[in-house]
Amino acid sequence: MEPIIIENVLLNENRTNILIENSKITGIGTQIPMPVNAIRIDGRGKAAFPAFANMHTHAAMTLLKGMGSDMPLQQWLNESIWPAEKHLDGEAVYWGVKLACLEMIKSGTTLFNDMYFHLPHAAKAVAEMGIRGVLGLNVFGDGDELTDESFRQLRGEVEGAGELLKLSIAPHSVYTVSEKGLVHCAEMSSRHDTIFQIHMSETEHEVQECLSNHQFRPYALLEHLGVLGLTEGRFVGAHSLYLDAEEIDLMARHRITVTHNPASNLKLGSGYRFLYTEMRNAGVNVALGTDGSASSNSLDMIEAARLMSYLQKGVRQDPTVLPATELMQVVSENGFKAAGINAGRIEVGKVADLILVDLDNLAFVPMHNPLSGLFYAAHGDAVDTVVCNGRIVMRNRHVEGEEEIRTQARRHAQLLRVER
Ligand SMILES: [Zn+2]
C-alpha cells in the first residue's frame, strides 16, 4: 500500500501535514518527512476529522427506505417491512449493502455494525466498497440452527471476503429470542470471541412485556441468565431507551456499549429520553447509530449526531450537555473501541480512518469553530475525502462504481414491490 500525505490541512484549528503509512497515522506536523512514492492530497481548503462509526444499522434495508412511513412499529413491520423482506434474496442484499456503503462513505462513515441476513453477499459488497463492517447474524427463537460448525463456516465466508470484515452474533431482541436462545448466543459469542449485539429496551411496551413474561427488566433479565457475564466487553445494546439505575449499574460493570439511534427512535415514536449523562457518568461506552434506512431513512452520521446533541440539550434544558468535542468521541472513538479498532482520533499511532471536509461548503463559511461547523451546520455532503485503514475510498466526492450502484439499487428496490 502506498503512503498517503495530506498537505496543509486544517487539524484542530492549525494547518499541518498528515502522513499515513501501512494503515496507520505515522506523522503529523509541518516538518515531517514526505516519502517520494506517497499519494499526495492537497489539504488546502479542507479540514480533517476522524471518520465516523455507525454502530447500529441494517445496511441492506436501505432498499426499503421510504416504505410505509407514519405507522406504529408493529403495524409497520407486519404490513410493510416483513412482506417486502420476504423478497430480499442474496443479490438484493448485495446491492442494498453496496448502496448503504456508498451513502456511508459519502457522509464520512468507515465502520458500521450491522444486523441482517445473507451475510456472505453483504460481506462481498462491503469488501468491494473498502470500508469496515461488523456483520451480525440475526438469531430468532431458540437459535438451534446456530452451531459451532455453522458459525465457523459462515465466519470463513464473511471474514474471508476481506480483512476489514468481522462476523458477530445478533440475537434480535429479548421478545423474539427465547431465554434458551439468548444463553446459546452468549455462549457462542464467548467461545468464538465475537461481538454480541441485540436490540434492547427500544420501547416502553417491550420493557413492560419483559417484566410480565420474565419478571425482570431486559438488562436485568440478561444479567440473571448469565448473558452479560458471558459477553463481558463484547456486548452492544442498540437503543436502550428505557432503563432504571440498577440496569445502568449492571451495564457499566459488564463494560457494555450502548448504541443510541435518535432518528429511528423519534420517527417510530419509540421515545427520546436517552439517558446519556447517566450512562456516561456510570462508565457505559455510548456510541451512535442511524438504525436501518427503513426506519431512519438516512445513514448520515452528522445528522444523527446533531439530533442526539439537540435532544440531550433540549430534554435536559441544559445547553452544556454533550459539547461538540464529546459528541465527536461518541460518533467516532467510542464506536471504533467497541469493535476493537484503535481509531477515532487523528494522532500518531492511531489507525488511519479519517475524513476531509470541504471548507467551501456553506456550513463552514464563515468558520469560527470547525467542530461547530461540522456538527451544528454541516450535512454528510460536506465530506470530500474518506480514508479507511490507510486507503482512499473517496476523493473529491467520487466513489468507484457509484453509477452502477444507483441503477442496480433502483432495480432491486422495484422488485421488492412486486407480488410474487
Ligand atoms: Zn435495529
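Residues numbered from 1 in each chain as written. Predicted model: local features only at pLDDT ≥ 70, side-chain atom pairs only at ≥ 80, totals over all residues. Heavy atoms only, no water.

1. Thoughts on the overall build of the protein
Moving on, step 1. Summing up its helical and strand segments, the protein has 16 helices and 16 strands in all.
Moving on, step 2. Its C-alpha radius of gyration of 21 Å places the protein within 12% of the 22 Å reference for a compact globule of 420 residues.
Moving on, step 3. Viewed in the frame of its principal axes, the protein has a C-alpha envelope of about 65 × 50 × 40 Å.
Moving on, step 4. Here the protein holds 420 residues, and the buried ones make up 60% of them.
Moving on, step 5. Within the protein, contacts between residues at least 6 apart in sequence are counted, and of these 73% link residues at least 24 apart.
Moving on, step 6. A total of about 16,900 Å² of accessible surface is found on the protein, and carbon and sulfur atoms cover 50% of it. (Helix = DSSP H or I, 4+ residues; strand = E, 2+ residues; numbered from the N terminus. Rg over C-alpha atoms; globule rule 2.2 N^0.38 Å. Buried < 20%, exposed > 50% of the residue type's maximum accessible area, 1.4 Å probe, protein only. Contact = heavy atoms within 4.5 Å. Areas by Shrake-Rupley, 256 points an atom, 1.4 Å probe, with all protein chains shown as cover.)

2. Some details on the side chain of Glu402
Moving on, step 1. For Glu402, the position within the fold is in helix 16 (residues 402–415).
Moving on, step 2. Judged by relative accessible area, Glu402 falls into the buried class, the value being 10%.
Moving on, step 3. At a separation of 3.0 Å, a polar atom in the side chain of Glu402 contacts the side chain of Lys106.
Moving on, step 4. With sequence-adjacent residues up to four places away left out, Glu402 is seen in contact with Leu102, Lys106 and Arg397. (Polar contact = N/O pair within 3.5 Å; in protein donor to acceptor, adjacent residues only side chain to side chain.)

3. Remarks on the coordination of the zinc ion
Moving on, step 1. Within the first shell, the zinc ion binds the protein through His56 (NE2), His58 (NE2), His199 (NE2) and Asp291 (OD), at distances of 2.1 to 2.5 Å.
Moving on, step 2. One chain supplies every donor for the zinc ion, spaced along it as H-x1-H-x140-H-x91-D. In terms of burial, His56 and His58 fall into one category: buried. (Donors = N, O, S within 2.8 Å, 3.2 Å for Na, K, Ca; no water.)

4. Quick notes on the domain arrangement of the protein
Moving on, step 1. When the domains of the protein are assigned, the result is domain 1 (4–50 + 350–402) and domain 2 (52–338).
Moving on, step 2. The distance between the C-alpha centroids of domain 1 and domain 2 comes to 28 Å.
Moving on, step 3. Listed by partner, the interface residues are 26 residues for domain 1 and 31 residues for domain 2.
Moving on, step 4. Counting the surface lost from both domain 1 and domain 2, the interface buries some 2,200 Å², and carbon and sulfur atoms represent 63% of this. (Domains from an automatic or database assignment. Buried area = accessible area lost by both parts, 1.4 Å probe.)

5. What about helix 5 (residues 179–192)?
Moving on, step 1. Relative to the 20 Å expected for 14 residues at 1.5 Å per residue, helix 5 spans 20 Å between its end C-alpha atoms, a close match to the ideal helical length.
Moving on, step 2. Turning to helix 5, its buried residues are Gly181, Leu182, His184, Cys185, Ala186, Met188, Ser189 and His192.
Moving on, step 3. Its buried side turned inward, helix 5 meets strand 8 (132–139), helix 4 (148–159), strand 9 (165–171), strand 10 (196–200), helix 7 (218–225) and helix 8 (227–230).
Moving on, step 4. Of the residues one or two after helix 5, Asp193 is the one with positive phi, at around 50 degrees. (Expected span 1.5 Å × (residues − 1).)

6. Structural notes on the packing of aromatic side chains
Moving on, step 1. Scanning all chains against the criterion turns up five aromatic pairs.
Moving on, step 2. Summarising the aromatic geometry, the rings of Tyr94 and Trp95 are spaced 5.0 Å apart at their centres and angled 85 degrees between planes, so their arrangement reads as edge-to-face. Each member of the pair Tyr94 and Trp95 is classed as buried.
Moving on, step 3. In this structure an aromatic cluster arises from ring pairing among Phe196, Tyr219 and Phe235. (Phe/Tyr/Trp six-rings, centres within 6.5 Å; stacked < 30°, edge-to-face > 60°.)

7. A look at helix 7
Moving on, step 1. Burial analysis of helix 7 places six of its eight residues in the buried class, which makes it a mostly covered element.
Moving on, step 2. Taken together, the buried positions of helix 7 are occupied by Pro218, Tyr219, Ala220, Leu221, Leu222 and Leu225.
Moving on, step 3. Just beyond helix 7, the residue with positive phi is Gly226, at close to 90 degrees.

8. A few points about the pairing of strand 14 (residues 354–358)
Moving on, step 1. Counted residue by residue, strand 14 has four buried out of five residues, so it is predominantly covered.
Moving on, step 2. Sheet analysis places strand 5 (residues 46–50) next to strand 14, joined by five bridges and oriented antiparallel. Bridge pairing links Pro50 to Leu354 in strand 14.
Moving on, step 3. Here strand 14 runs beside strand 15 (residues 383–388); their pairing, made up of four bridges, is antiparallel. Paired with Ile355 across the two strands is Val386, which belongs to strand 15. (Pairing = 2+ DSSP bridges.)

9. Topic: the pattern of salt bridges
As a working rule, side chains carrying opposite charge can pair if their charged atoms are close by.
Moving on, step 1. For the structure on display, the rule yields 24 salt bridges.
Moving on, step 2. The shortest N-O distance in the salt bridge between Glu128 and Lys124 comes to 3.2 Å. Of the two residues, Glu128 and Lys124 are both situated in helix 3 (residues 119–129); the distance of four residues between them amounts to about one turn of the helix.
Moving on, step 3. Among the salt bridges present, the one from Glu278 reaches Arg316, with a minimum N-O distance of 2.8 Å. Separated by 38 residues along the polypeptide, Glu278 in helix 11 (residues 276–282) and Arg316 in the loop between helix 13 (301–315) and helix 14 (324–338) bring together distant segments of the chain.
Moving on, step 4. Assessed through its relative accessible area of 27%, Arg316 is described here as partly exposed. (Salt bridge = Lys/Arg side-chain N within 4 Å of Asp/Glu carboxyl O.)

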